[in-house]
Amino acid sequence: NIWPVEEWAKRAPKVLEIFNKNGRDKMGFPPEGYAMTAGMALIACEAIRIAANTVGPDKIDGKAVYEAMQKIKNYDMMGLRPPVTFTEKKRFGQDTAVLLRLNENRQNVIGEFPCPDLTLYDWK
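A few points on the structure. Starting afresh in each chain, residues are numbered from 1 along the sequence in its written order. Under the rules for a predicted model, residues below a pLDDT of 70 receive no local features and side-chain atom pairs below 80 are neither given nor counted, while totals for whole chains, interfaces and linings still include all residues. For side-chain calculations, the full set of non-hydrogen atoms in the structure is used, while hydrogens and water are omitted.

Concerning the pairing of strand S2 (residues 106–114)
Consideration 1: The rule for pairing is simple: two strands pair if DSSP sees at least two bridges between them. Each helix corresponds to a stretch of at least 4 residues labelled H or I by DSSP, and each strand to a stretch of at least 2 residues labelled E; elements are numbered beginning at the N terminus. As paired elements, strand S1 (residues 96–103) and S2 share eight bridges and run antiparallel to each other. Bridge assignment links Ala97 to a residue of S2, and that residue is Phe113.
Consideration 2: From the end of S1 to the start of S2, which pair antiparallel, there are two residues, and Glu104 there has a positive phi angle of about 50°.

Written as structure tokens, this is what we have:
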């Protein structure tokens, strides 16, 4: 669900800049793990920002963040992966996924494709 590191310069330049500036490349930390964690942090920060604007910074609690998360629509993930949207029923973010094929130990981007609904539930 994330773009390969080789694509970051083109798709997620700010993330690549932060990754390199903080020396993450020298720590042996896998960039893919960094991207997954950064993506979760981006979503959490956006939910807290919305909650703070909705109820005020002094009244943020779990309920406010939960309700704020449902307002996240087509949120830009700084180019790390496709945008995310949440609703009252839709608890997963991405509607599309990055499809990669491994050839000779190299990731090759096939493209971005709609995620199939593999659940028994109506998330709309």
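A short note on the side chain of Gln70
Consideration 1: The residue Gln70 is located in the loop between helix H4 (62–69) and S1 in this model.
Consideration 2: There is a polar contact of 3.4 Å between the side chain of Gln70 and the backbone oxygen of Tyr66. Between N or O atoms, a polar contact is any pair within 3.5 Å; within protein, one atom must be a potential hydrogen donor and the other a potential acceptor, and residues adjacent in sequence are included only when both atoms are from side chains.

Section: the packing of helix H3 (residues 31–55) against H4
Consideration 1: At their nearest, the axes of H3 and H4 sit 8 Å apart, and the two run at 110° to each other. One way to sum up the angle between H3 and H4 is to call them roughly perpendicular. Note on element contacts: H4 touches H3 through Ala64, Val65, Ala68 and Met69, opposite Ile43, Ala47, Ile48, Ile50, Ala51 and Val55.
Consideration 2: As a working rule, the residues Ala, Val, Leu, Ile, Met, Phe, Trp, Tyr, Cys and Pro are called nonpolar, Asp, Glu, Lys and Arg charged, and the rest polar, with Gly in that last group. Its residues assigned to classes, the contact of H3 with H4 comprises ten nonpolar, no polar and no charged. The axes are straight lines fitted to the C-alpha atoms, using for helices just the contacting stretch, and the angles between their N-to-C directions are given from 0 to 180°. Any angle from 65 to 115 degrees is called roughly perpendicular, while one under 35 is roughly parallel, one over 145 is roughly antiparallel, and all others are oblique. Two residues qualify as a contact provided that any one of their heavy atoms is within 4.5 Å of a heavy atom in the partner residue.

Side note on the packing of aromatic side chains
Consideration 1: Classification of ring pairs rests on two measures: the distance between centres of Phe, Tyr or Trp rings, Trp counted by its six-membered ring, which must be within 6.5 Å, and the angle between planes, read as stacked under 30 degrees, edge-to-face over 60 and tilted in between. This model, assessed by the stated rule, comprises two aromatic pairs.
Consideration 2: Centroid distance Phe19 to Tyr34: 4.9 Å. Interplanar angle 70°. Geometry classified as edge-to-face. Within this pair, whereas Phe19 is found in helix H2 (residues 13–21), its partner Tyr34 is found in helix H3, the two being separated by 15 residues in sequence. A single burial state applies to Phe19 and to Tyr34, both of which are buried.
Consideration 3: Three or more aromatic residues joined by ring pairs make a cluster, and in this case those are Trp8, Phe19 and Tyr34.
Consideration 4: Sitting over the ring of Trp3, Arg11 keeps its end group 3.5 Å from the ring centre. Per-residue accessibility, obtained with a 1.4 Å probe over protein chains only, is compared with the maximum for each type, and a residue is labelled buried under 20%, exposed over 50%, and partly exposed between these values. Note on criteria: charge over ring means Lys NZ or Arg CZ within 6 Å of the ring centre, with the direction from the centre no more than 35 degrees off the ring normal.

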